[in-house]
Amino acid sequence: MTQDELKKAVGRAAIAHVVEGGIVGVGTGSTANFFIDALAEFRHRIRGAVASSEATRKRLEGHGIEVFDLNDVDQIPVYVDGADEINAAMQMIKGGGGALTREKIVAAVAGKFVCIADASKLVPVLGRFPLPVEVIPMALGHVQRELSRIGGSPRLRANFVTDNGNLIVDVHGLEIVDAVALETRLNQIVGVVTNGLFACRPADVCLLATGAGVQMLTAT
């Protein structure tokens, strides 16, 4: 199977976790897009969705799915999103598409977080994928210096501005052994909006697409 076929399969498998009559939190990226396309066939059985980015909002609305502002929603039973990396503890690196802050907000509200990914995203140790950090523009120099002090190699993502009007610094060269501690430490740097470690709030379930079919993983 091609990578797109794997993403399509896992996107469709995630529909089984959608709560009828509820509001679905929807992530951002190529795998999430396949979930959105599958959700279109299910749209009459849900109340609507909360989007984690403007791109996701547009795709949902293009399928005729009503999109709610998070502040107008009391609860989100399930949030479905992809990952750039995920480990056996269901901790992730996310933000390759630059939507990490809104993704983290929606995930925090959701009762259940379902990660959808292909098998290449499952890793023993996080950090091979550069860790995105969203930064307020005036703090860029300060944040980059602080990121260098923790042992990473920070690089400004060229020609990119987030939906929140901020910058992304991608931190290369990390081997993340204690993801919770690093997530907390990075968020304490003045000028950091948030970082792409989803460890304090990991996924509850990972649907992993393989050549042999979709596997469901939980934390070990």
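Placed above this text is the structure.
All values derive from a computational prediction rather than experimental measurement.

**Q** Which parts of the structure should I look at to understand the side chain of D81?
**A** Mapped onto the secondary structure, D81 falls in strand 3 (residues 76-81). When its relative accessible area of 0% is taken as the criterion, D81 is described as buried. With near-sequence residues (within four places) excluded, D81 lies in contact with G27, T28, A32, K94, E103, F113, V114, C115 and I116.

**Q** Help me out: how do you make sense of the packing of aromatic side chains in this one?
**A** Given two aromatic rings, one states the distance between the centres and the angle between the planes to describe the pair. Taken as a whole and judged by the stated rule, the model has two aromatic pairs. Seen in terms of ring centroids, Y79 and F113 are 5.0 Å apart; in terms of plane orientation they differ by 50°. Their pairing is tilted. Here the residue Y79 occupies a position in strand 3, and F113 occupies one in strand 6 (residues 110-118), the gap between them amounting to 34 residues. For F113, a relative accessible area of 0% corresponds to the buried category.

**Q** Would you mind showing me how to read the nonpolar core here?
**A** Side chains of a nonpolar character, in soluble globular proteins, are inclined to be buried together. Grouped together as the largest cluster of nonpolar side chains are 24 residues, with contacts concentrated most on V18, V26, F35, L39, L60 and I116. At the level of secondary structure, the elements contributing two or more residues to this core comprise helix 1 (3-13), strand 1 (23-26), helix 2 (30-39), strand 2 (48-51), strand 3, strand 6 and strand 12 (205-210). Broken down by element, the residue count for this core peaks at four residues, all from helix 2. Not counting residues within four places of it along the chain, the set of residues in contact with L39 comprises I15, V18, V26, I46, L60 and I65. Core analysis: the next-biggest nonpolar cluster, separate from the first, contains 22 residues, V135, L167, I176 and L182 among them.

**Q** Looking at this structure, how should I read the packing of helix 2 against helix 3 (residues 54-62)?
**A** The description of two helices packed together rests on the angle between their axes and the distance between the axes. Following both chains from N to C, one finds helix 2 and helix 3 inclined at 20°, their axes separated by 9 Å at the closest point. As summarised for this structure, helix 2 and helix 3 are arranged roughly parallel, according to the angle between their axes. Helix 3 is crossed by helix 2, and the crossing has right-handed handedness. Between helix 2 and helix 3, the contacting residues are N33, I36, D37 and L39 on the first element and T56, R59 and L60 on the second. Its residues placed into classes, the contact of helix 2 with helix 3 shows three nonpolar, two polar and two charged.

**Q** Help me understand the sheet that holds strand 10 (residues 192-195) in this model?
**A** Two modes of strand pairing occur in sheets, parallel and antiparallel, and in both the strands are linked by backbone hydrogen bonds. On the basis of which strands lie adjacent, the open sheet formed by four strands has the order 8-9-7-10 and antiparallel pairing. The open sheet has two edge strands, strand 8 (153-156) and strand 10, and neither has a second partner. Between one strand and the next, the sheet's axes are offset by a mean angle of 30°, whatever the strand orientation. On top of the sheet, helix 6 (residues 179-187) reaches strand 7 (131-135) and strand 10; it is set at about 165° to strand 10, its chief contact.

**Q** What is the right way to read the pairing of strand 7 from this model?
**A** In regular strands, side chains alternate between the two faces of the sheet. Burial runs high along strand 7: five of the five residues are buried. The pairing of strand 7 with strand 9 (residues 167-172) spans five bridges and is antiparallel. Note that in strand 9 the partner of E134 across the bridge is I168. With three bridges joining them, strand 7 and strand 10 adopt antiparallel strand pairing. When the bridges of strand 10 are listed, V135 appears paired with V192.

**Q** Where do I start with the environment of A139 in this structure?
**A** Relative to the helices and strands, A139 is located in the loop between strand 7 and helix 5 (140-149). A residue is classified by how much of its surface remains accessible, and A139, at 12% relative accessible area, is buried. Taking the C-alpha atoms as reference points, A139 and V190, 51 residues apart in sequence, are found 7.6 Å from one another. Apart from the residues within four sequence positions on either side, A139 is in contact with V190 and G191.

Quick notes on the rules
- Residues numbered from 1 in each chain as written.
- Predicted model: local features only at pLDDT ≥ 70, side-chain atom pairs only at ≥ 80, totals over all residues.
- Heavy atoms only, no water.
- Helix = DSSP H or I, 4+ residues; strand = E, 2+ residues; numbered from the N terminus.
- Buried < 20%, exposed > 50% of the residue type's maximum accessible area, 1.4 Å probe, protein only.
- Contact = heavy atoms within 4.5 Å.
- Phe/Tyr/Trp six-rings, centres within 6.5 Å; stacked < 30°, edge-to-face > 60°.
- Core = buried A, V, L, I, M, F, W, Y, C linked by side-chain atoms within 4.5 Å.
- Axes fitted to C-alpha atoms, helices over the stretch in contact; angles between N-to-C directions.
- Parallel < 35°, antiparallel > 145°, perpendicular 65-115°, else oblique.
- Left-handed = near helix turned anticlockwise from the far one by under 90°.
- Nonpolar A, V, L, I, M, F, W, Y, C, P; charged D, E, K, R; others polar.
- Pairing = 2+ DSSP bridges.

Structural measurements only, silent on function.
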